[in-house]
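# An overview of the molecular structure
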Amino acid sequence: MAKRNNLLGVGGQRKKLSRADQQGTGPARNADRKTAAEQKQELLRKMRERAQGAESDS
């Protein structure tokens, strides 16, 4: 019977956690991500308003 000591990689890969995530200070990163999403929504809103303004001028 073959030995199976080298089980590296069995069971999939784990996400590598940063030091901040390991120490439990990870939510700040999520807040930054949320802020970026809010900025994107604001930008899309402005672009839509400009597009509607351009249509009404025509």
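The following refers to the structure shown.

Parameters at a glance
Residues numbered from 1 in each chain as written. Predicted model: local features only at pLDDT ≥ 70, side-chain atom pairs only at ≥ 80, totals over all residues. Heavy atoms only, no water. Helix = DSSP H or I, 4+ residues; strand = E, 2+ residues; numbered from the N terminus. Areas by Shrake-Rupley, 256 points an atom, 1.4 Å probe, with all protein chains shown as cover. Salt bridge = Lys/Arg side-chain N within 4 Å of Asp/Glu carboxyl O. Buried < 20%, exposed > 50% of the residue type's maximum accessible area, 1.4 Å probe, protein only. Patch = residues over 30% accessible without salt bridge, like charges linked within 9 Å, V, L, I, M, F, W, Y side chains within 5 Å.

Each helix and strand counted, the protein chain has 2 helices and 0 strands in total. Looking at the protein chain as shown, the accessible area adds up to about 6,100 Å², and 51% of this sits on carbon and sulfur atoms.

Once that is clear, we can look at the pattern of salt bridges. Enumeration over the complete set of coordinates arrives at 2 salt bridges. A salt bridge links Glu 42 to Arg 45, with the nearest nitrogen and oxygen atoms 2.4 Å apart. Of this pair, Glu 42 and Arg 45 both sit in helix H2 (residues 27-57), separated by 3 residues, roughly a single helical turn. Glu 42 sits in the partly exposed class, given a relative accessible area of 34%.

This brings us to a nonpolar patch on the surface. A cluster of nonpolar side chains, Leu 43, Leu 44 and Met 47, forms an exposed patch at the surface whose accessible area comes to about 270 Å². Along the polypeptide, Met 47 turns up in helix H2.

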